[in-house]
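Letter by letter, the chains look like this.
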Amino acid sequence: MRWMIGIMLLSLYADSFAIQSLKGLEKYNQKYSGAPCVQAFLNSDVLNCGSFLSKKSKGILTVSKDNISKIYFNVTLKSNIGKKDEPPIYLRFIKQKQLDINELLEYAGDGDEIYIEEFVSSLNKIDLNCVPANFTVSINL
C-alpha cells in the first residue's frame, strides 16, 4: 500500500513540475532581428555594421544607442592568430566611453572580427535581443 501511495505522489509531483509556467524564461529567449542595437562611430563618422575596417585606421571609437551619444560600451576582438585547429583568442575592452582604435588594432590581424555592444552593469538588464555591431579587420584597405 505504501508503495502505491509513493508512486502516486511521485507521479503527481512530476506532472506539476512538467506543467509549470515558462514565462520567467521568455525574457531570455533570443529573437534576433539582425540589426545591431548600437551604432559605432570612428572620429564621428558612422561605421556600417558588417563592413571591413582597415588595420591602418586611426581615430577615436565611440558608440551611441537610441540617439544617446557616447554611451559606455564593450569591445571584443576575436582573433584566430593563424593557427589551424586552435580555438580563437578573445581580447576584451570593457566599459569604455571612447577608445583609441589603434589600441585595439594593434592586436588584430587580417580577418579578425570586432564586436561592439552596450555595457550593462547587471545581468538582469541585458537585452538578449540586441545584436552586437560587428566588423572585420582587413590589411588590404
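The structure this text deals with has already been given above.
Residues numbered from 1 in each chain as written. Predicted model: local features only at pLDDT ≥ 70, side-chain atom pairs only at ≥ 80, totals over all residues. Heavy atoms only, no water.

Caption draft 1: The state of the cysteines, seen in detail. Across all of its chains, the model carries 1 disulfide by this definition. Here C37 is linked by a disulfide to C130, with a sulfur-sulfur distance of 2.4 Å. Of this pair, C37 sits in the loop between helix 1 (2–18) and strand 1 (39–42) while C130 sits in the loop between strand 8 (113–118) and strand 9 (133–138), and the two are 93 residues apart along the sequence. According to the relative accessible area criterion, C37 is partly exposed, its value standing at 25%. Under the relative-accessibility criterion, C130 is labelled buried at 19%. (Disulfide = S-S within 2.5 Å. Helix = DSSP H or I, 4+ residues; strand = E, 2+ residues; numbered from the N terminus. Buried < 20%, exposed > 50% of the residue type's maximum accessible area, 1.4 Å probe, protein only.)

Caption draft 2: The arrangement of the pattern of salt bridges in detail. Within the structure shown, the criterion is met by 3 salt bridges. Salt-bridge contacts for K78 lead to E113; the nearest nitrogen and oxygen are separated by 3.9 Å. With K78 in strand 5 (residues 73–79) and E113 in strand 8, the pair connects residues that are 35 residues apart, well separated along the chain. On the accessibility criterion, E113 (24% relative accessible area) is partly exposed. Among the ionic pairs, E117 bridges to R92, the shortest N-O distance being 3.3 Å. In this pair, E117 is assigned in strand 8 and R92 in strand 6 (residues 89–96), connecting sequence segments 25 residues apart. (Salt bridge = Lys/Arg side-chain N within 4 Å of Asp/Glu carboxyl O.)

Caption draft 3: Quick peek at unusual backbone geometry. Within the chain, N43 stands out as a residue other than glycine whose phi angle is a positive 55°. Along the chain, the position of N43 falls in the loop between strand 1 and strand 2 (45–46). Of note in the backbone geometry, S44 takes a positive phi value of approximately 70° without being a glycine. With respect to the secondary-structure elements, S44 resides in the loop between strand 1 and strand 2. On the basis of relative accessibility, which here comes to 65%, the residue S44 falls in the exposed class.

Caption draft 4: Just the sheet that holds strand 4 (residues 60–64), in detail. What the 4 strands build is an open sheet, ordered 2-1-4-7; its pairing is antiparallel. Each having just a single partner strand, strand 2 and strand 7 (99–100) make up the two edges of the open sheet. Taken together, the 2 bridges between strand 1 and strand 2 define a ladder with antiparallel strand orientation. Residue pairing for strand 2: F41 is matched across the bridge by V46. (Pairing = 2+ DSSP bridges.)

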